[in-house]
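# Coordinates in review
Each chain, letter by letter, is given below.
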Amino acid sequence: MSFKKLDILDEKDKRLRMKCHDVIFPLSKERKKLIQQMIDHLTYSQIEDLSIKYDLRPGMGLAAPQLGINENFFVVVHEYEEGKFHNYVIINPKIVSYSEEKICTSTGEGCLSVNRDIEGIVPRYARVTIEGFDEMGNKVKFRGREELSIAFQHEYDHLNGILFFDRIDKDNPFKDKDNMRMI
Ligand code: ZN
């Protein structure tokens, strides 16, 4: 299958603010194809040569509403070791538990729908457990820690119409700095 760069909605698009509805199984052929394209896009975007070739901004996650699809699913492609990727496809996800400890990224969070740098603390749980379904409708359960945990929470937020900067304190973007661990 040839590579197709996806059109990703910009932060101003109202479709990013809608709440999504659950996916009904079985998935259509088109949905399965789209999920594969999301995986390819995210993987290529994290491989320098390919990201330059296809002009892709690096990103590790994409949620359906970022493609104008009002459905509860997202994809995370996590580079867990140099050049090694693990794909997470999570449909109708629920965060079932989370740590007390909170973390945030020192460089600020990024989003493929947000084409500008935004500084500030985005408080996230250091570890989460998320349940959902894969493309075939099988139950899946994943534990994420550190950057993977942040990615799960970031993408889960998209399904509820929340963008990462909504979680930054407007008056004092670095307010909670001392209450969490920076990664
Ligand atoms: Zn995002």
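Structural data are supplied above this passage.
Residues numbered from 1 in each chain as written. Predicted model: local features only at pLDDT ≥ 70, side-chain atom pairs only at ≥ 80, totals over all residues. Heavy atoms only, no water.

## Examining the overall build of the protein
Counting its regular elements, the protein contains three helices and eight strands. Secondary structure elements of the protein occur, N-terminal to C-terminal, as α-α-β-β-β-β-β-β-β-α-β. Within the protein, the fraction of its 183 residues that count as buried is 46%. Taking as baseline every contact in the protein between residues at least 6 positions apart, the subset at least 24 positions apart corresponds to 72%. Put simply, the protein shows about 10300 Å² of open surface, and 48% of that area lies on carbon and sulfur atoms. Measuring between centres, the 28 positive side-chain charges of the protein sit 5 Å from its 31 negative side-chain charges. (Helix = DSSP H or I, 4+ residues; strand = E, 2+ residues; numbered from the N terminus. Buried < 20%, exposed > 50% of the residue type's maximum accessible area, 1.4 Å probe, protein only. Contact = heavy atoms within 4.5 Å. Areas by Shrake-Rupley, 256 points an atom, 1.4 Å probe, with all protein chains shown as cover. Lys, Arg positive; Asp, Glu negative; His and termini not counted. Charge placed at Lys NZ, Arg CZ, Asp CG, Glu CD.)

## Some words on unusual backbone geometry
In this model, F25 is joined to P26 through a cis peptide bond whose omega is -5°. Inspection of the secondary structure puts P26 in the segment before α1 (29-45). Located in the positive-phi region is D55, a residue other than glycine, with phi close to 55°. You can see D55 is positioned in the loop between α2 (48-53) and β1 (61-63).

## Examining the coordination of the zinc ion
Protein-derived ligands of the zinc ion are C111 (SG), H154 (NE2) and H158 (NE2), with the metal-ligand distances lying across 2.1 to 2.2 Å. Summarised as a motif, the one-chain spacing of the donors to the zinc ion is C-x42-H-x3-H. Here the residue C111 occupies a position in the loop between β4 (102-104) and β5 (124-125), and H158 occupies one in helix α3 (residues 146-159), the gap between them amounting to 47 residues. The two residues C111 and H158 agree in class, both being buried. (Donors = N, O, S within 2.8 Å, 3.2 Å for Na, K, Ca; no water.)

Just geometry here; none of it tells us what the structure is for.
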